[in-house]
Structures are given as C-alpha cells and as structure tokens.
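A structural walkthrough
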Amino acid sequence: MRLAAAELVESREILPGQWLQAYHAPALANGSRAGQFVHARPGDFSGMVLRRPFSLNTADPLNGIVTIHFRVIGRGTDWFTRLRAGDAIDLLGPLGRPFEVDPRSRHLLLIAGGLGMAGVRMLADEAIRDGRRVTLLFGAASAREVYPSTLLPDEVEYIVATDDGSIGHHGYVTDLVPEYEAWADQAFACGPAAMLAALARIAGGRRERLGVAKLGRKRGAGKTDPVGSPAARRKAFLQVSMEQNMGCAVGACLGCVVMSTSGTPQRVCREGPVFAAEEIAWENAW
C-alpha cells in the first residue's frame, strides 16, 4: 500500500452515468493485481471528507497507466467527472486481497453484474497474458447499460444477458452459468449481493451435478485454510468480490464488515474484497 500521485490522462462517459478514467500512476500500475482497489481523495474538501473506493479496472506497468470505472451516485463521484486531462489527485493503494488463480486452471469463467464489471475486468487481462481462456458473462437491466465489447480484449468470449431481453439472453446472468460450469476450472464474480448469493448456491451444488468423485484421504486432508487466505480462495471454484460501503478502507472503522460462515466478521477492505464464495454467510444480514 502506498500513497501515489496520479495525473488524469483521459476521462469519458462510456455508459449513461458511468465513467472510465485513465491515470498515469506508475507506482500503482506496478504490483497491483486483479481484485484490488484504490482509495481516491477528492480535491475539494467542502463537505467531502472521506475518500472514495474504486476497483482497479486495469493496470499497465509498461506505460504506468491505471484505470477506474465508476457510476456517478453522489457529489463525490460527480466531482471526479469534472476533472480534466492533466489534473492531479492522490490514490491510496493497491488495497485489499486479490483474486487467486490456481496455476493449473486453464479455463476461467468471469461473471459481472452491472458495475461489477470493474471488479473482474483486470482479471481478463491477467488471464489472457498468462495464456488462459476466458469467458465473461455480463448482466444488465437493458441494452443501454451493457458494457462495450470494444473495451475488452479480443480473446475474451463475451456473453450478455439483459433483464428486459433487449440484447442477448432474456433473463439474469446467473441463468447462463450452468452452461459453462463444466468447462470452467474456476469462476470469479463481482456484482450485486443477490447475484453473488445466487452464484454461491449454484457453485455449492456443482460437484454433485457434474458427478465429481471425492478421492480417498490424502496428506493434509481435513485441513481448513483461514478465511480470507490466498489458499482458501485458490482452492475454491467460485471467488467473489464484495461491494460494500467503505469509510477508511484500511480496516479501522469496521464499516464494511460481512459475516463469514465461521461466525467471524470479515472486513471487506482488509480480509477482502475477494473471498471464496463458501466463506460468506449469505443468509445472514450485516
């Protein structure tokens, strides 16, 4: 984690109310991983004390550029849309724990709902770079909210679902998952909590549906990896990036807590934002 100066290179509205911004921030572009985020400070402090968390949408260590993708939901995020090329801000990051891809995985299934695309977008770049195949399932309310395919690597298979059927599959993005669960070695998702909970239920029954046999006892069997650990995420079929409101983003304020199946509260900014799906108590309120 470091405090880095960032200079705006490009800012554009890619969807109604959704912006993509590119910043020159070499200190962040080097060493950031998919699933991590930054905490950005608005330059105008009149009534905007807290920083704003943004997923690292992409990071290119060669040119030192990082991008963020966000929706305007209030005064703070609106402030960022008024920046112009050459304006400087400071970014705290990279923060949080990233996605963990098993070295043996060759086929990755990415699932995004709405702005959840920002949470998995960087993983597509990393996977393609490492020679893996990627299918990305994206869900939106209507065609006007569908993420542009031109902003994705050409190698990604991109499949869309819309609630109103105006483009792609008519229904929820979760409807598409069973068609790919046998193909995928691992799945990674970001989006609304209801979508993630539905995906967790699907993933929970995957072994039985596919007829995956449980092998006999071997060394290390029965060992439980700590909640939020890289090993726990790497072993999971489904990893989820949680979206929570954050205050400090460094684990002090406890404003972004979710509950684990072990009954231990987990800070999304520190133990997350990425978790193995089976670690989260989806039916518990937080």
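Throughout what follows, the structure given in this document is the object of discussion.

Let us now look at the overall build of the protein chain. When helices and strands are counted, the protein chain shows 6 helices and 16 strands. Relative to the 2.2 N^0.38 estimate, which gives 19 Å for 286 residues, the radius of gyration of the protein chain is 19 Å and therefore close to what a compact globule would have. With the C-alpha coordinates of the protein chain rotated into their principal frame, the extents come out at 60 × 45 × 40 Å. In the protein chain, which comprises 286 residues, the share counted as buried stands at 52%. In the protein chain, the share of contacts with a sequence separation of at least 24, taken over all contacts with a separation of at least 6, comes to 65%. Only carbon and sulfur atoms are counted for the fraction: they give 52% of the accessible area of the protein chain, which is about 13500 Å².

Turning our attention to the packing of aromatic side chains. One pass over the structure, following the stated rule, counts 6 aromatic pairs. With centroids separated by 6.3 Å and ring planes inclined at 45°, the aromatic side chains of Phe 138 and Tyr 158 adopt a geometry described as tilted. Here the residue Phe 138 occupies a position in strand 9 (residues 133-140), and Tyr 158 occupies one in strand 10 (residues 157-162), the gap between them amounting to 20 residues. For Phe 138, a relative accessible area of 1% translates into the label buried.

For the rest of this paragraph, the subject is the pairing of strand 1 (residues 2-15). Both strand 1 and strand 7 (residues 88-95) contribute to a ladder of 6 bridges, which runs antiparallel. Across the sheet, Ala 4 pairs through a bridge with Leu 91, a residue of strand 7. Of the pairings in the sheet, the one linking strand 1 to strand 2 (residues 18-24) comprises 7 bridges and is antiparallel in character. Residue pairing in the sheet places Glu 10 in a bridge with Ala 22 of strand 2.

In this structure, Tyr 23, Phe 80, Ile 89, Leu 110, Met 117, Phe 138 and Tyr 158 are the most contacted members of the largest nonpolar core, which totals 51 residues. By residue number, the principal contributor to this core is helix 3 (residues 117-129), which donates 7 residues. In this structure Tyr 158 touches Met 117, Leu 136, Phe 138, Val 146, Tyr 147, Ser 149 and Leu 152, once residues within four positions along its chain are discounted.

On to the sheet that holds strand 5 (residues 58-60). On the basis of which strands lie adjacent, the open sheet formed by 7 strands has the order 4-3-7-1-2-6-5 and antiparallel pairing. Looking at the sheet topology across the chains shown, the edges are occupied by strand 4 (52-55) and strand 5. In this sheet, adjacent strand axes meet at a mean angle of 35° when their direction is disregarded. With 3 bridges connecting them, strand 5 and strand 6 (residues 65-71) associate as antiparallel partners. Its bridge partner being in strand 6, Thr 58 is matched across the sheet by Thr 67. Each of strand 4, strand 5 and strand 6 is contacted by helix 3, which is oriented at about 35° to strand 5, the strand it contacts most.

Before going further, it helps to spend a moment on unusual backbone geometry. In this structure, the amide linkage connecting Gly 93 to the following residue, Pro 94, adopts the cis form with an omega of -5°. In this structure, Pro 94 sits in strand 7. The omega torsion across Gly 272 and Pro 273 is 10°, close enough to zero to call that bond cis. If you trace the backbone, Pro 273 turns up in the loop between strand 15 (265-267) and strand 16 (274-276).

As a further point, take the sheet that holds strand 9. Strand order in the open sheet formed by 7 strands is 11-10-9-8-12-13-16, and the pairing between neighbours is mixed. In this open sheet, the two edge strands, each paired with only one partner strand, are strand 11 (169-170) and strand 16. Examined bridge by bridge, strand 8 (residues 107-113) and strand 9 share 7 bridges and lie parallel to one another. Its bridge partner being in strand 9, Ala 112 is matched across the sheet by Phe 138.

Quick look at helix 4 (residues 193-204) now. The end-to-end C-alpha distance of helix 4, which contains 12 residues, comes to 16 Å, matching closely the 16 Å that a straight helix rising 1.5 Å per residue would cover. Looking at the buried positions of helix 4, the neighbouring elements they touch are strand 8, strand 12 (186-190), helix 5 (206-210) and strand 13 (238-241).

Bringing helix 3 into the picture now. When the terminal C-alpha atoms of helix 3 are compared, their 19 Å separation across 13 residues agrees well with the 18 Å that a helix rising 1.5 Å per residue should span. For helix 3, the buried fraction is high: 11 of the 13 residues fall into the buried class. Within helix 3 the residues assigned to the buried category are Met 117, Ala 118, Gly 119, Val 120, Arg 121, Met 122, Leu 123, Ala 124, Glu 126, Ala 127 and Ile 128. Just downstream of helix 3 lies Gly 131, where phi reads positive at about 80°.

Parameters at a glance
- Residues numbered from 1 in each chain as written.
- Predicted model: local features only at pLDDT ≥ 70, side-chain atom pairs only at ≥ 80, totals over all residues.
- Heavy atoms only, no water.
- Helix = DSSP H or I, 4+ residues; strand = E, 2+ residues; numbered from the N terminus.
- Rg over C-alpha atoms; globule rule 2.2 N^0.38 Å.
- Buried < 20%, exposed > 50% of the residue type's maximum accessible area, 1.4 Å probe, protein only.
- Contact = heavy atoms within 4.5 Å.
- Areas by Shrake-Rupley, 256 points an atom, 1.4 Å probe, with all protein chains shown as cover.
- Phe/Tyr/Trp six-rings, centres within 6.5 Å; stacked < 30°, edge-to-face > 60°.
- Pairing = 2+ DSSP bridges.
- Core = buried A, V, L, I, M, F, W, Y, C linked by side-chain atoms within 4.5 Å.
- Axes fitted to C-alpha atoms, helices over the stretch in contact; angles between N-to-C directions.
- Expected span 1.5 Å × (residues − 1).

Everything listed is a geometric property; what it means functionally is a separate question.
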